[in-house]
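# Descriptive analysis of the structure
Chain by chain, the residues:
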Amino acid sequence: MTSTVGDQVYARVTALVAGDAGMSRAQALRTVAVEMGRSVPATSSAFYAGAKRSREADGRPAAPARGGRRTRASGTLDATRLYAEMLPLVEAGATVEQAARRFGDEDAAEEIAAGFSRWMERGQESAPAGDATGARIAALEAENRALREALERARAILEAAAGPS
């Protein structure tokens, strides 16, 4: 079996989390992203692909395929489980919309993202102050990354428009 980037990311993240009892999966994903020179969302996606391949190689059933519209009728428990699965992606730097697209079809992504945001707000109201502060810091870091990427794109467009000097 050929080793893929997903396999490498999965192995490295798993080793970091197992080796450092205080390191969360989100922190490990950020560390591996820096080590590999990849974006955090790409690293996170590779991690989940590697985890799936690992489950399949061990003979464990793969996680059920995601997709289709999730609605309130499917139950709050399903939505809570979905949002809990999305949380590591968002903590690792993906936008809520990116995480929603990963776990649902394109048509449902907006609805899933809105539900996740409401879920996070409700969770923050009842969370201890330290948890709320950490979540706020993570959200601000993600926003800063998005702004830096937008600035880099704008700079590249301006430089291309200015032409050679």
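Being a predicted model, the structure only gives us computed values, none of them experimental.

Moving on, we come to the pattern of salt bridges. This model, assessed by the stated rule, comprises two salt bridges. For the salt bridge of Arg12 with Glu35, the shortest nitrogen-to-oxygen distance reads 2.8 Å. One end of the pair, Arg12, is in helix α1 (residues 5-19); the other, Glu35, is in helix α2 (residues 25-36), and 23 residues separate them in sequence. Among the residues examined, Arg12 registers a relative accessible area of 34% and is labelled partly exposed. Given a relative accessible area of 44%, Glu35 falls into the partly exposed group.

So, about α2. Taking 1.5 Å as the rise per residue, α2 with twelve residues should run 16 Å; its terminal C-alpha atoms sit 16 Å apart, in good agreement. All of the buried residues along α2 are Ala26, Ala28, Leu29, Val32 and Ala33. Take α2 and look down its axis: the buried residues cluster within an arc of 160 degrees, on one side only.

Looking at the protein chain as a whole, its pLDDT mean stands at 75, while 76% of the residues score no less than 70. Counting contacts from residues 65-75, a segment whose pLDDT is below 50, to residues more than four positions away or on other chains yields 16 contacts. Counting contacts from residues 125-129, a segment whose pLDDT is below 50, to residues more than four positions away or on other chains yields zero contacts.

Rules of the game
Residues numbered from 1 in each chain as written. Predicted model: local features only at pLDDT ≥ 70, side-chain atom pairs only at ≥ 80, totals over all residues. Heavy atoms only, no water. Salt bridge = Lys/Arg side-chain N within 4 Å of Asp/Glu carboxyl O. Helix = DSSP H or I, 4+ residues; strand = E, 2+ residues; numbered from the N terminus. Buried < 20%, exposed > 50% of the residue type's maximum accessible area, 1.4 Å probe, protein only. Expected span 1.5 Å × (residues − 1). Arc of directions from axis to C-beta. pLDDT = per-residue confidence, 0-100. Contact = heavy atoms within 4.5 Å.

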